[in-house]
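# Observations on chain architecture
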Amino acid sequence: MAPRPDFARHRQRVLERLAPHEAVLLFGAPHAVRNGDAEYRYRPDSDLYWLTGWLHPQVALFLRPGEAPLTLFVQPRDPQAEQWAGRRPGPEGAVADFGADQAFPYTELADKLPTLLQGVQVLHHAFAVDPEHDTLVMGAIRKAARAARTNGLCVPTTFHSPAHLLHELRLVKEEDELA
């Protein structure tokens, strides 16, 4: 049996490349619908998986150097939905099993992201991939900017594709990835 990838080490490698005023924001891959009532088997976003091992849809990752670097926004537990689609780890499982320092239901992303973005000047986020995500991120930056007028913290003004950072690190495979 192959060893489990060292997701914490992968995150640490990214964090070592980030300045204190930088952050990474990734969204999970969308769930593809095959027809009216059936979906294709879910395939997670490769970068998000490389950082966390998370295999479920409707997820967002916020990674920033500091005391609690990894924040995940995930689907909450739902016994009725889990009957059909399988068990969800929920926010509790994101912390206990996937190394998140804090985790919240995905529905709280729009409310919590403006606070997370305060103090961040450079945001690594893939714009122009999903218009809904872009709208959410830009709305969060506007809210963070309003708060910054009173608290003096900076907000993102420079944006980079996370692919430049992550794909360079993923190019050279470590032992756990080769296995």
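Use the structure listed above.
What comes next is a walk through the structure. (Residues numbered from 1 in each chain as written. Predicted model: local features only at pLDDT ≥ 70, side-chain atom pairs only at ≥ 80, totals over all residues. Heavy atoms only, no water.)

## Quick notes on the sheet that holds strand E6 (residues 102–105)
The strand order across the open sheet built from six strands is E6-E5-E4-E1-E7-E8, with neighbouring strands paired in mixed fashion. Looking at strand neighbours, the two that pair on one side only are E6 and strand E8 (158–160), the edges of this open sheet. Taking each pair of neighbouring strands and ignoring which way they run, the sheet shows an average axis angle of 20°. Sheet analysis places strand E4 (residues 60–63) next to strand E5 (residues 70–74), joined by four bridges and oriented antiparallel. When the sheet's bridge partners are listed, Leu63 is paired in E5 with Leu70. Contacting E5 and E6, helix H4 (residues 90–98) runs over the sheet at an angle of about 155° to E6. Sitting on the sheet, helix H7 (residues 162–171) touches strand E1 (22–27), strand E7 (122–124) and E8, and the angle it makes with E1 is about 90°. (Pairing = 2+ DSSP bridges. Helix = DSSP H or I, 4+ residues; strand = E, 2+ residues; numbered from the N terminus. Axes fitted to C-alpha atoms, helices over the stretch in contact; angles between N-to-C directions. Contact = heavy atoms within 4.5 Å.)

## Re the pattern of salt bridges
A full pass over the atoms with the stated rule returns five salt bridges. Of the charged contacts in the structure, one is a salt bridge between Arg9 and Glu16, with a shortest N-O distance of 3.5 Å. You can call Arg9 partly exposed: its relative accessible area is 32%. A relative accessible area of 52% means that Glu16 is categorised as exposed. Its salt-bridge partner being Glu174, residue Arg13 comes within 3.4 Å of it at the nearest N-O pair. (Salt bridge = Lys/Arg side-chain N within 4 Å of Asp/Glu carboxyl O. Buried < 20%, exposed > 50% of the residue type's maximum accessible area, 1.4 Å probe, protein only.)

## So, the environment of His21
Take His21: it is sitting in the loop between helix H1 (7–17) and E1. With a relative accessible area of 29%, His21 lands in the partly exposed category. For the pair His21 and Gln121, spaced 100 residues apart in the sequence, the C-alpha separation amounts to 5.5 Å.

## A closer look at helix H6 (residues 131–151)
Over its 21 residues, H6 extends 30 Å from the first C-alpha to the last, a length consistent with the 30 Å expected when each residue adds 1.5 Å. Within the sequence span of H6, burial applies to His133, Asp134, Val137, Gly139, Ala140, Ile141, Ala144 and Ala148. Where H6 is buried, its residues touch E1, helix H5 (109–117), E7 and E8. The opening residue of H6 is Asp130, an N-cap whose side-chain oxygen sits 2.8 Å from the backbone nitrogen of Glu132. Within two residues after H6, Gly152 carries a phi angle of roughly 80°, on the positive side. (Expected span 1.5 Å × (residues − 1). Polar contact = N/O pair within 3.5 Å; in protein donor to acceptor, adjacent residues only side chain to side chain.)

## So, H7
Every buried residue of H7 is listed here: Pro162, Leu165, Leu166 and Leu169. Down the axis of H7, the smallest arc covering the buried residues is 85°, so these residues share one side. Across H7 from its buried face, at more than 90 degrees, point the exposed residues His164 and Leu171. (Arc of directions from axis to C-beta.)

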